[in-house]
Amino acid sequence: MKPTAILATLALSLATPGLADSHASGDATKGEREFNKCRSCHTIVSDSGDAIVKGGKVGPNLYGILNRTPGSVNDYNYSEGMVALGETGIVWDEAHFTDYVMDPTAYLKEHTGDSSARSKMTFKLRKEEDAANVWAYLVSVGPDAE
């Protein structure tokens, strides 16, 4: 690759923070602020036990969510619908995460094919941009952060 192409790529990635991380299109800084709505139920605690965000324990720990199978955090009691979702082979990526957090129960019904599937998560992020920003933040503090 020519030095000018390298510089152009670097400039683009620095000018658009979401593009710097290939796993997220949102803005991690905005996502960190938006995550304050999530922390009443969720924590972000590393595998070594370091608390990145202290929060509630009503929902599962969101550390390392990238490419995680839904319903797979040990010691968390998931709904039957979330366990069924994990059995479909889906893993959390930006598209699945943003769709889920915008309407958790509708998402489970659609992706499991079970019209009675329910999510324990009653909160919904109303804007797709906010969901993408939260995803970018979670990826930025996870073990796969670049």
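Before reading on, note that the structure itself is shown above.
Residues numbered from 1 in each chain as written. Predicted model: local features only at pLDDT ≥ 70, side-chain atom pairs only at ≥ 80, totals over all residues. Heavy atoms only, no water.

Student: Quick one: what's the story with helix α6 (residues 104-112), residue by residue and with numbers?
Tutor: Those residues of α6 that fall on the buried side of the exposure criterion are P104, Y107 and L108. Looking down the long axis of α6, one finds its buried residues gathered within 100° of arc, a one-sided arrangement. Residues of α6 that are buried in the fold lie against α4 (80-87) and α5 (94-102). Just downstream of α6 lies G113, where phi reads positive at about 75°. (Buried < 20%, exposed > 50% of the residue type's maximum accessible area, 1.4 Å probe, protein only. Helix = DSSP H or I, 4+ residues; strand = E, 2+ residues; numbered from the N terminus. Arc of directions from axis to C-beta. Contact = heavy atoms within 4.5 Å.)

Student: Quick rundown of the pattern of salt bridges? Include the residues and the values.
Tutor: For the structure on display, the rule yields 2 salt bridges. The shortest N-O distance in the salt bridge between K37 and E34 comes to 2.6 Å. Of the charged contacts, one joins K124 and D103 as a salt bridge, the two residues approaching to 3.7 Å between their closest N and O atoms. Within this pair, whereas K124 is found in the loop between α6 and α7 (128-140), its partner D103 is found in the loop between α5 and α6, the two being separated by 21 residues in sequence. (Salt bridge = Lys/Arg side-chain N within 4 Å of Asp/Glu carboxyl O.)

Student: I'd love a proper account of the packing of α4 against α6, names of residues and values included.
Tutor: The angle between the axes and the distance between the axes are what describe a pair of packed helices. Close contact between α4 and α6 brings their axes to 9 Å; oriented N to C, the two are set at 45°. Judged by the inter-axis angle, α4 sits oblique to α6. The two elements α4 and α6 meet at a crossing, and its hand is left-handed. Between α4, through G81, M82, A84 and L85, and α6, the contact on the second element is made entirely by Y107, L108, H111 and T112. Among the residues forming the contact of α4 with α6, the class breakdown is 5 nonpolar, 3 polar and no charged. (Axes fitted to C-alpha atoms, helices over the stretch in contact; angles between N-to-C directions. Parallel < 35°, antiparallel > 145°, perpendicular 65-115°, else oblique. Left-handed = near helix turned anticlockwise from the far one by under 90°. Nonpolar A, V, L, I, M, F, W, Y, C, P; charged D, E, K, R; others polar.)

Student: Can you lay out the packing of α5 against α7 for me, pointing to particular residues and giving the numbers?
Tutor: For the pair α5 and α7, the least separation of the axes is 9 Å and the interaxial angle reads 125°. Between α5 and α7, the crossing angle belongs to the class labelled oblique. Our pair here, α5 against α7, has a crossing hand that is right-handed. Residues E94, F97, T98, V101 and M102 of α5 touch α7, and the partners they reach there are E128, A131, A132, V134, W135 and L138.

Student: How would you explain the packing of aromatic side chains if you had to name every residue and give the values?
Tutor: Tallying each qualifying case throughout the model produces 6 aromatic pairs. Ring geometry for F35 versus Y137: centroids 5.8 Å apart, planes at 45°, classification tilted. In this pair, F35 is assigned in the loop between α3 (28-34) and β1 (44-45) and Y137 in helix α7, connecting sequence segments 102 residues apart. Grouping residues by exposure puts F35 and Y137 together as buried. Taken together, W92, Y100 and Y107 form an aromatic cluster joined through their ring pairs. (Phe/Tyr/Trp six-rings, centres within 6.5 Å; stacked < 30°, edge-to-face > 60°.)

Student: So what about unusual backbone geometry? Which residues, and what values?
Tutor: The backbone of N67 sits at a positive phi, close to 65°, despite the residue not being glycine. Even without being a glycine, D75 presents a positive backbone phi close to 65°. Since its relative accessible area comes to 86%, D75 is described here as exposed.

Student: Could you give an account of the nonpolar core, with specific residues and numbers?
Tutor: Counting residues in each nonpolar core, the largest one holds 29 residues, and the members touching the most others are F35, I44, W92, F97, W135 and L138. Ranked by the residues each element gives to this core, the list is headed by α7, at 7 residues. Beyond its immediate stretch of four places on either side in the chain, L138 contacts F35, I44, L62, I65 and F97. (Core = buried A, V, L, I, M, F, W, Y, C linked by side-chain atoms within 4.5 Å.)

Student: So what's going on with the side chain of T43? Which residues, and what values?
Tutor: Note on placement: T43 falls in the loop between α3 and β1. Residues within four places of T43 in sequence aside, it is in contact with V53, K54, G55, G56, K57, P60, N61 and L62.

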